[in-house]
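What follows is each chain in one-letter form.
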Amino acid sequence: MTATDAPAPVLTATGVTMRFGGLTAVHDVDLTVHHNEIVGLIGPNGAGKTTFFNCLTGLYTPTEGTVTYKSSALPPKPHLVTKAGIARTFQNIRLFANMTVLENVQVGRHTRTKEGLFSALLRGPAFRRAEKASEERAMELLAFTGLAPKRDHLARNLPYGEQRKLEIARALASDPGLLLLDEPTAGMNPQETRATEALVHAIRAQGTAVLVIEHDMRFIFTLCDRVAVLVQGEKLTEGTADTVQADERVIAAYLGTPFEGAPGEEEAAEVAAAEARTEETQEGDQR
Amino acid sequence: MNPHTTPAATKATETPAAQTAPLIPLPLTTARALTATGALLSAASTFLSWTWTTRFPGNLTVNGYPGGLQLLTLTGALLTLAYTLTTWNIPGLRWLNPAGSNNATALLATATLATTWYTLVTIAVQLGGLANLEPGGYTAALATLLTLLGTLALPLDRHTEDTDGTEDTQDATPGTGRPKATTRARALARTALRTIRPGHPHQQPPPPRPLPPWAEILIIAAAFGIALGIVTYGIGTAYGELFTGFLLLAGLGTAGLARAGLLGRLTALTAKHRTPTVTAAFIAAALFPLTQDTDQYTLIAVNILIFSTVALGLNVVVGLAGLLDLGYVAFLGVGAYTAALVSGTTASTLDIHFPFWAAVLTGAAASLVFGVVIGAPTLRLRGDYLAIVTLGFGEIFRITVGNLNGESGPSLTNGPNGIPNIPDLVLFGYSFGDTHHLGTIALNPFANYYLLMLLFTVIVVLVFSRAGNSRIGRAWIAIREDETAATAMGINGFRLKLLAFALGATLAGLAGTVQAHVAYTVVPEQYVFAGPVPPNSAFLLAAVILGGMGTISGPLLGAALLYLIPAKLQFLQDYQLLAFGAALILLMRFRPEGLIPNRRRQLEFHDTTTTGPGTLTHPEASTP
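Residues numbered from 1 in each chain as written. Chains lettered and ligands numbered in written order. Predicted model: local features only at pLDDT ≥ 70, side-chain atom pairs only at ≥ 80, totals over all residues. Heavy atoms only, no water.

Quick word on helix α7 (residues 190–205) of chain A
All names here are of chain A.
Next up, step 1: The terminal C-alpha atoms of α7 lie 23 Å apart, and with 16 residues this matches the ideal 22 Å at 1.5 Å per residue to within 8%.
Next up, step 2: Regarding α7, the residues found buried are Thr193, Thr196, Glu197, Leu199, Val200, Ile203 and Arg204. Buried residues of α7, seen end-on, are gathered within an arc of 165° and therefore sit on one face of the element. Looking at α7, the residues exposed on the side facing more than 90 degrees away from the buried face are Gln191 and Ala205.
Next up, step 3: On its buried side, α7 packs onto β3 (38–42), α5 (125–145), α6 (160–172), β7 (178–182), β8 (209–213) and α8 (217–223).
Next up, step 4: Glycine 207, located one to two residues past α7, shows a positive phi value of around 100°. (Helix = DSSP H or I, 4+ residues; strand = E, 2+ residues; numbered from the N terminus. Expected span 1.5 Å × (residues − 1). Buried < 20%, exposed > 50% of the residue type's maximum accessible area, 1.4 Å probe, protein only. Arc of directions from axis to C-beta. Contact = heavy atoms within 4.5 Å.)

Below, the structure is given as structure tokens:
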């Protein structure tokens, strides 16, 4: 059900470049996410994946290039990006640790609710209705992620896997059209990873496109319709899981390239064999 | 929220109560008998004369009639006795000690001992020697000591989170396996500290017997009645020694009641009946001036109210939004100056006289504008930088009003002389400057202002609780917790911080308009960063932190203490800031969450066991 022929892509990044002084962290990256699509973004450590994410969500303003969401240019402020419809999670969990689970999700509802200070002070019927609606929607999301029984726990007291889930629930609370997940399975055991996979599929089924950064190749290749590879700030290749896995440059980026002749023919041959083996195992994992 | 499902409760029940071997080895029955006898003896000793001369204030010379500080010892001794009896499972007393903790008894015995010994030492020092003590005094000293020793022979439970088990043995002298003497002394000191330290009673008290709602509300009303009595007594203490004794007894006694679980139950009740609680608190506070026949203590009370209201306003900024504002008193100043200028005093450079409601609105509006003007440039800074810049703006306000005297600047505020002779308020023909009689009760001028100020306090309390518990309040707390994550959730950080800043400023401006009339004069030197007389920015912040950030009752209590202590303890005058600093350091070491902790904050400061990946706060942006 890839929707490559959908009229307007959810996200289009064109020529995104981010420089910090003399360092170019992201260079001329194009990326498109279509409606109802799960796109993976992989690359070795330090390849600029998170920087690229930060460019998409307005935490950084790209030095060059444009990002559009449903064909309108994204404003350069994180809260306006969220308001426009892009929500994200963080690589290191950044929950509001001393708020309850329910309150965390309710904070996520911020852009979709209107009640201001005066309405809060006067506590009119409209305010009560809005609070009730906000709580109900938050509870729906907690039920969706399976956290409903823990609504009154402090976020900091949740186990690690549930904190990750809560972060996703909080991001979903802003009713996003595109969800950016930054290493959602980092530090998880295989069971929890499978559960996260199911959750991401369920999110897509609700009509939200997903862009995910991940190091767990198995997770990426089972989940994503399309995978983009970022190496040293540049997009190396993009395509379906199979194309990317078969791409020699990708393997080289992850495992390194043998020197021609210098370390000796034998070593080079060994490395090549290792590469071949890795390829086989990965394909084996696929099946 | 159901208190039984909170993680704090779950955590506490998971930790088993650690009942240690008593510090003094005695059979349980003997220990209890010793405690009870000691308490009885202490109570009896207050009926003897403690000194021979009435030169010590409070007249402790009369046999058969306790007076002054003796009454405090008597109260403490009777409470200790009652708590000793609760551990004997005497029916009808069980409610006093729901947790069944001996620590409560120990703390009350300590309170009695501290008050009594303080009295006796003060007598000896003031009158020049122990010879000034009568046998009654010695009896009291020994009896209270006996009580404390008795309670130390009871099994006490102690904090377990800071015992890691190995710590006690690892310092043992190699080879012998016996702990070194110094180590044992340290261990003993640690045990004592843990025993005394207030906190969660580890033994979760059993759930209270269900009561009909009217009975629960009656209990709340009675509790506020008792609280009013205690506060009235404290404000009305006629001499510094009595106040110190009162503070010792009240402070340690409250810790004892908290350890017994009694305060926890009361808190649960007040959380269940919010409206009756607020009403009861309001009525108890409104009754205060009726207990006074002179305006000496009502003046103190109205100043406490002003101070605590401003502290609560600051709590919006510091406690909810997490913005460290060191120049907050300037907003109080703006409100007070505005009210003074439009009050119609001859000293005002503006020849206008607004009715009070208009003056209040003008003062609040002026503070609001000032808050936005200061906030808009400064709130782009975070943390320490914000604190320094707000400190600067606070001082700029004071220096500016000191210079707007027509010579070094436009003529507006009369410079350092300030605006004197602010007339008394007249509302609907009710003159605040006159004494009014309600039947037999006289309402003096300060009592009138007290009641007016109380109304403002209630408004600020309502604003705080309603704003805090809403979409806006949640956004403030989110910003306090993690600003980057909050903006990623769609919160406009700058705008909401400015809103908190402006709201805080407005609330301080409101209080300022009343303050101008209570003080009759506004001068720039009332609005310094740090000074001996509250409110000033440092004391306001201290009141918030001392009481408990993010709570309503915390700043109210903190402000009351910070106002009363300097006002009552005249001998501290020269050392006041020193004592204040020392007290803050001790507080931050032993109770960083404040006297009345916010549920969240308490976890934040003490829950170090769950530091996992979830608490990492590295700025995400730094990892490319």
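So, next bit.
Details of the domain arrangement of chain B
Accessible area lost when the parts come together is the quantity often used to give the size of an interface.
Residue and element names in this part refer to chain B.
Next up, step 1: Domain assignment breaks chain B into domain 1 (19–162 + 192–268) and domain 2 (296–307 + 324–533).
Next up, step 2: Taken over C-alpha atoms, the centre of domain 1 sits 40 Å from the centre of domain 2.
Next up, step 3: Counting residues at the interface gives 4 residues for domain 1 and 4 residues for domain 2.
Next up, step 4: Between domain 1 and domain 2, the buried area comes to about 260 Å², and carbon and sulfur atoms account for 73% of it.
Next up, step 5: In terms of surface lost to domain 2, no three residues of domain 1 exceed Ile235, Gly236 and Ala238, which account for 95% of the buried area on that side.
Next up, step 6: Run the count over domain 1 and domain 2 and you get 0 salt bridges.
Next up, step 7: Linking domain 1 with domain 2 are 0 residue pairs in polar contact (both at pLDDT 80 or more).
Next up, step 8: By residue class, the composition of the side of domain 1 that touches domain 2 is 2 nonpolar, 2 polar and no charged. (Domains from an automatic or database assignment. Buried area = accessible area lost by both parts, 1.4 Å probe. Salt bridge = Lys/Arg side-chain N within 4 Å of Asp/Glu carboxyl O. Polar contact = N/O pair within 3.5 Å; in protein donor to acceptor, adjacent residues only side chain to side chain. Nonpolar A, V, L, I, M, F, W, Y, C, P; charged D, E, K, R; others polar.)

Focus on the environment of B:Thr116
All names here are of chain B.
Next up, step 1: Positionally, threonine 116 belongs in helix α4 (residues 102–127).
Next up, step 2: When the C-alpha positions of threonine 116 and asparagine 59 are compared, they lie 15 Å apart, and in sequence the two are 57 residues distant.
Next up, step 3: Setting aside residues up to four positions removed in sequence, threonine 116 forms contacts with Trp50, Thr73, Ala140, Ala141 and Thr144.

Quick look at the pattern of salt bridges
All names here are of chain A.
Next up, step 1: Within this structure, the stated rule accounts for 25 salt bridges over all chains.
Next up, step 2: The salt bridge partner of arginine 226 is glutamate 37, with a shortest N-O separation of 2.7 Å. Highlighted residues: arginine 226 in strand β9 (residues 226–231) and glutamate 37 in the loop between β2 (23–33) and β3, separated in sequence by 189 residues.
Next up, step 3: For arginine 226, a relative accessible area of 12% gives the class buried.

What to know about the confidence of the model for chain B
Next up, step 1: Of the residues in chain B, 85% have a pLDDT of 70 or more, and the chain-wide mean is 80.
Next up, step 2: Counted against residues more than four places away or in other chains, residues 1–18 of chain B, with its pLDDT under 50, gives 26 contacts. (pLDDT = per-residue confidence, 0-100.)

Quick word on the packing of α6(A) against α7(A)
Residue and element names in this part refer to chain A.
Next up, step 1: Taken N-terminus to C-terminus, the directions of α6 and α7 make an angle of 10°; their axes are 11 Å apart at the nearest point. Here α6 lies roughly parallel to α7, going by the angle between them. Here Gly161, Lys165, Ile168 and Leu172 of α6 come into contact with α7, specifically with Glu192, Leu199 and Ile203.
Next up, step 2: A breakdown of the residues in the contact of α6 with α7 according to their chemical character gives 4 nonpolar, 1 polar and 2 charged. (Axes fitted to C-alpha atoms, helices over the stretch in contact; angles between N-to-C directions. Parallel < 35°, antiparallel > 145°, perpendicular 65-115°, else oblique.)

A word on the packing of aromatic side chains
Next up, step 1: Scanning all chains against the criterion turns up 14 aromatic pairs over all chains.
Next up, step 2: Measuring from ring centre to ring centre gives 5.6 Å for B:Phe288 and B:Tyr450, while their planes differ by 45°; the resulting arrangement is tilted. You can see B:Phe288 sitting in the loop between α11 (274–287) and α12 (296–320) and its partner B:Tyr450 sitting in helix α16 (residues 445–468), a full 162 residues away along the chain.
Next up, step 3: Residue B:Tyr450 is classed as buried on the basis of its relative accessible area, which comes to 5%.
Next up, step 4: Taking the centre distance of 5.8 Å and the plane angle of 75° together, the rings of B:Phe331 and B:Phe370 count as edge-to-face. One end of the pair, B:Phe331, is in helix α13 (residues 329–341); the other, B:Phe370, is in helix α14 (residues 356–378), with 39 residues separating them in the sequence.
Next up, step 5: Residue B:Phe331 is classed as buried on the basis of its relative accessible area of 2%.
Next up, step 6: On the accessibility criterion, B:Phe370 (22% relative accessible area) is partly exposed.
Next up, step 7: Feature note: the residues B:Tyr328, B:Phe331, B:Tyr337, B:Phe370, B:Phe397, B:Phe501 and B:Tyr527 constitute an aromatic cluster, connected by ring pairs.
Next up, step 8: The ring of A:Phe90 carries the charged tip of A:Arg88 above its face, separated from the ring centre by 4.5 Å.
Next up, step 9: Taking NZ or CZ as reference, B:Arg380 lies 4.2 Å from the ring centre of B:Phe494, over its face. (Phe/Tyr/Trp six-rings, centres within 6.5 Å; stacked < 30°, edge-to-face > 60°. Lys NZ or Arg CZ within 6 Å of the ring centre and 35° of its normal.)

Quick look at the environment of A:Ala130
Next up, step 1: Its place among the elements puts A:Ala130 in helix α5.
Next up, step 2: In sequence terms A:Ala130 and A:Met18 are 112 residues apart; their C-alpha atoms lie 40 Å from each other.

With respect to the pairing of strand β1 (residues 11–20) of chain A
Next up, step 1: The pairing of β1(A) with strand β4 (residues 64–69) of chain A spans 5 bridges and is antiparallel. Pairing of A:Ala13 across the sheet is with A:Val67, part of β4(A). (Pairing = 2+ DSSP bridges.)

So, the sheet that holds β1(A)
Next up, step 1: Ordered in space as β2-β1-β4-β5 (chain A), the 4 strands form an open sheet in which the pairing is antiparallel. Of all strands in the sheet, those with a lone pairing partner are β2 and β5 (72–73) of chain A, marking the two edges.

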